[in-house]
Amino acid sequence: MVKEKYFSNTTGVDRYCYVYLPPDYVPTKKYPIIYVLHGIGGTEDEWIQYGSPKEIVDNLINQKLIQPVILVFPNGRAMNPDSVPQDMFSPTAQAAFANFENDLFKDLIPFIEKKYSVYGVREYRGICGLSMGGGQALNIGLGNPDMFAWVGAFSPAPNTDVNKFKVNSPKKQLIWILCGESDFLLSISEKTHQFLLENKIPHIYKTMQGAHDWPVWKEGLRSFLQEIFR
Ligand code: FER
C-alpha cells in the first residue's frame, strides 16, 4: 500500500489516500481502477486497518479469479480541517461526505490517474464503499454513469439518495449491493433495491448472514471484484 498526499483545491488543504498496486504492476501496462470508500467514523486508514484489502485482492489476482486492478482508498470526508468530527452525524460531517464528490472529480481522480497507469475511461473505472461510503458510491456512481461502469455498495447508509441517480442514462453499469441480514440499515438496501426494480435499472442485490460489520464488507469487496471481472 502506498500512502499518497495530494493538494485539494476543493478543501484548500492536503489530503491523503492509500493506493493498492497489483503484484506485477508495471507502468507500461494499463490497469482498471476502483475507488473504495470507508464508513462514517473512518478515514483513508479504515479499510487498511480493518478490511485486509491487500490480502483479499492479492489472493484473487494470484488465483486468477480477477484481473490485476488498482484500488484507491480515499478519505471520503472532504473538509478543512481534515479530521474526524466529534459528532460524526453533524450537518458539517454530512456536508463533508457530500463534498467528497467535488474532491473526487476535481482533485483526486486527476492526481491518481496522472500518476498511475490506468485506462482512464468509464469502462475500466469503479467505485464502491461500505455504509456511509456505500451511500456515496451509489450517489456518485449512479449519478455519474459517464464516469463509472462499476458501482458497489456494502450496507449502504441513509445518505443514499435515489434522487441523485441518473435513471434514464443509456450507459450500462454493473450495480452490485450487499447487506447483512441483521444489519440495522438493511431497510436502506431494500428500499434502494425496490427503487432500482421500479425504474428497471439492472442490478444485483444480495444479502448474507451478518450484521453491520467487517465480515460482510470484506465479503462485499471480494464478491464485487469477482462480479466485475467475471
Ligand atoms: C445513519 C446511520 C448510520 C446515517 C449514517 C450511518 C447518514 C452510517 C453508518 C456507517 O457508516 O457505518 O442515520 O445517516
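Just above, that's the structure.
In this text the structure is predicted, and so the values were computed from the model without any measurement.

### Section: the nonpolar core
- One finds Tyr35, Leu104, Leu108, Ile112 and Ile127 to be the most contacted residues of the largest nonpolar core, which totals 35 residues.
- Within the residue set of this core, elements represented by two or more residues are β2 (14–20), β3 (33–37), β4 (70–74), α3 (91–115), α4 (132–143), β6 (150–154), β7 (174–180) and α5 (186–198).
- Every residue in contact with Leu108, bar those within four places of it in the chain, is listed here: Tyr6, Cys17, Tyr35, Val72, Pro74, Phe100 and Asp103.
- One finds Ile34, Ile66, Cys128 and Val216 within the second-largest nonpolar core, a separate group that totals 28 residues.

### Concerning the side chain of His38
- Examined against the element boundaries, His38 turns out to sit in the loop between β3 and α1 (46–50).
- Using a relative accessible area of 1% as the deciding quantity, one classes His38 as buried.
- A polar contact of 3.5 Å, which involves the side chain of His38, links it to the backbone oxygen of Gly42.
- Sequence-distant contacts of His38, that is, excluding residues within four places in its chain, are made with Thr43, Glu44, Glu46, Trp47, Pro74, Asn75, Gly76, Arg77, Phe97, Leu130, Met132 and Gly133.

### Quick word on the pairing of strand β5 (residues 125–130)
- Most of β5 sits out of view: six of its six residues are buried.
- Burial along β5 is two-sided: the face carrying Arg125, Ile127 and Gly129 and the face carrying Gly126, Cys128 and Leu130 are both buried.
- Note: β3 against β5, five bridges, orientation parallel. Directly across from Ile34, in β5, lies its bridge partner Gly126.
- When β5 meets β6, the two strands line up parallel, connected through five bridges. What sits directly across from Gly129, in β6, is Ala153.
- As for the winding sense of the linkage, the β-α-β connection from β5 through α4 to β6 is right-handed.

### Brief notes about the sheet that holds β7
- Read across the sheet, eight strands follow the order β1-β2-β4-β3-β5-β6-β7-β8 without closing on themselves; strand pairing throughout is mixed. Each edge of the open sheet is held by one strand with a lone partner, namely β1 (2–7) and β8 (204–208). Shown here is a sheet whose adjacent strand axes are inclined to one another by a mean of 20°, direction ignored.
- In this sheet, β2 lies alongside β1 in antiparallel orientation, the contact comprising six bridges. Bridged to Phe7 within β2 is Asp14.
- Where helix α2 (residues 53–62) meets the sheet, it contacts β2 and β4, and its direction lies at approximately 35° from that of β2.

Scoring rules and cut-offs
- Residue positions are given per chain, counted from 1 along the sequence in the order it is written.
- Note on the predicted model: pLDDT of at least 70 is required for a residue's local features to be given, and 80 or more for side-chain atom pairs to be given and counted; whole-chain, interface and lining totals, by contrast, use all residues.
- With hydrogens and water stripped out, all remaining heavy atoms of the structure feed into the side-chain values.
- Side-chain atoms within 4.5 Å link the members of a nonpolar core, which is a set of buried Ala, Val, Leu, Ile, Met, Phe, Trp, Tyr and Cys residues.
- Burial here depends on accessible area, computed with a 1.4 Å probe over protein chains only, as a share of the maximum for the residue type. Under 20% is buried, over 50% is exposed, and the range in between is partly exposed.
- Going along the chain from the N terminus, every DSSP run of H or I of four or more residues is numbered as a helix, and every run of E of two or more is numbered as a strand.
- In this analysis, two residues are considered to be in contact whenever any of their non-hydrogen atoms come within 4.5 Å of each other.
- Whenever a nitrogen or oxygen atom comes within 3.5 Å of another N or O atom, the pair is scored as a polar contact, on the condition that within protein one atom can donate a hydrogen and the other can accept it, and that pairs from neighbouring residues in sequence are kept only if both atoms are in side chains.
- Only strands that DSSP links by at least two bridges are regarded as paired with each other.
- When the strands point away from the viewer, a crossover counts as right-handed if the path from the first strand over the helix to the second runs clockwise.
- Interaxial angle, 0 to 180 degrees, is taken between N-to-C directions of lines fitted to C-alpha atoms, where a helix line uses only the stretch in contact.

Just geometry here; none of it tells us what the structure is for.
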